[in-house]
Amino acid sequence: MATTASTAATAAAATPAPPHALYDATLPPVGPGTVHKYTIRLKDEVLEIAPGVRYQGWTFEGTAPGPVIHVRQGDRVDITLVNGGAIPHSIDFHAALTAPNVSFASVPAGGSLHFRFRAETPGAFMYHCGTPPVLAHIANGMYGAIVVDPKGGMPRVAKSVVLVSGEWYLAGDGKKEPASLDFEKARQIRPDYVTFNGYANQYKDHPLRANPGDTVRFYVVDAGPSLDTDFHVVGAILNRVYLDGTTTDVLHGVQTQLVPAGGGMIFDVKFRDRGIFPFVSHAFAAVDMGEVGLVNVGNVPGTMNH
């Protein structure tokens, strides 16, 4: 018998979330060949989204955000979507040129869907569940990033990381039992937490690493569902900014760049000096809600507040 949403929620209340595992921000390599096959399983999971705070999420492959997909321009992306959740879901790729009613169709609980698309446009893109109400599905954790390299490749850098911004709107505090979505908060855009890669302050508590002189490439995707990310690195300049959905229009010497909800941009930042460099959304209410991380350049002991 299929598990109902209410039964799943009751079971979740008694299920402890596993200890938070740091979401690896490192951009994964492109796999071999020109056809990349992904089986993506949809799962209802209890997630830890901040220290001691649990949330009953809907996920791609058990995490929020879902796994990063990395391909080259012109490659084919072969998707099999398997719905292990309690209600219908779908997947919408912003990098795909395809009929949404076919490829992005909702899949019933227990069902599956297969489709292919060619990744024709380079850049950093979002994917997400597109089943109505989309606000609820994204706010419950159903989002991720797909990175499409241009045919000629990107300029070489020391390190590439992917940061996906997302918001959490909690009914309950998530401490005694998992919180669920407060849809009215989501409609009013009053999040409890705003995060990079699904967990508040995780790269503040576990900074990214670099060496003096390194250029780090940040692939920043804003999953929203509603807030923009005003990306800024304290003590550094965005040396190269690749505008939304392109690797050809490049800006230089930018202090802060808006990444719109549903958008993605690429930033190259050269760290000249040894030290600890915060990266934030410069809309500082989001920082107070968890959207902040650090880059420790040169293995400096300690951290800093920001």
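Refer to the structure above for everything that follows.
Focus on the pairing of strand S7 (residues 123-128)
Then, in step 1: In terms of burial, S7 is a largely internal element, six of the six residues being buried.
Then, in step 2: Where burial is concerned, the two faces of S7 agree: the one with Gly123, Phe125 and Tyr127 and the one with Ala124, Met126 and His128 are both buried.
Then, in step 3: As judged from the two bridges shared by strand S5 (residues 92-93) and S7, these two strands associate in the antiparallel manner. What sits directly across from Asp92, in S7, is His128.
Then, in step 4: Of the strand pairs in this sheet, S7 and strand S8 (residues 143-149) are connected by six bridges, and their pairing is antiparallel. Looking at S8, one finds that His128 is bridged to Tyr143.

So, the nonpolar core
Then, in step 1: If you look at the biggest cluster of nonpolar residues, it comprises 57 residues, and the most contacted ones within it are Leu163, Phe218, Phe231, Val233, Phe267, Phe271 and Phe279.
Then, in step 2: One finds Trp58, Leu81, Ile91 and Met142 within the second-largest nonpolar core, a separate group that totals 25 residues.

What to know about the sheet that holds S5
Then, in step 1: Pairing is mixed across the open sheet formed by four strands, whose spatial order is S3-S8-S7-S5. What marks the edges here is a single partner per strand, and that holds for strand S3 (69-72) and S5.

Brief notes about the sheet that holds strand S6 (residues 112-118)
Backbone-to-backbone hydrogen bonds pair the strands of a sheet. The strands run either parallel or antiparallel.
Then, in step 1: Pairing in this open sheet of four strands is mixed, and the strands run S2-S1-S4-S6 from one edge to the other. Of all strands in the sheet, those bounded by a partner on one side alone are strand S2 (53-60) and S6. Pairs of neighbouring strands in the sheet enclose a mean axial angle of 25 degrees, with direction left out of account.

Some remarks on the pattern of salt bridges
Then, in step 1: All told, the structure shown has six salt bridges when counted by the stated rule.
Then, in step 2: Where Lys185 meets Asp192, a salt bridge forms, and the shortest distance between an N and an O atom there is 3.0 Å.
Then, in step 3: Residue classification places Lys185 among the buried positions, given a relative accessible area of 15%.
Then, in step 4: When salt bridges that share partners are traced, they join Arg217, Arg240 and Asp268 into one network.

Cut-offs applied
- Residues numbered from 1 in each chain as written.
- Predicted model: local features only at pLDDT ≥ 70, side-chain atom pairs only at ≥ 80, totals over all residues.
- Heavy atoms only, no water.
- Buried < 20%, exposed > 50% of the residue type's maximum accessible area, 1.4 Å probe, protein only.
- Helix = DSSP H or I, 4+ residues; strand = E, 2+ residues; numbered from the N terminus.
- Pairing = 2+ DSSP bridges.
- Core = buried A, V, L, I, M, F, W, Y, C linked by side-chain atoms within 4.5 Å.
- Axes fitted to C-alpha atoms, helices over the stretch in contact; angles between N-to-C directions.
- Salt bridge = Lys/Arg side-chain N within 4 Å of Asp/Glu carboxyl O.

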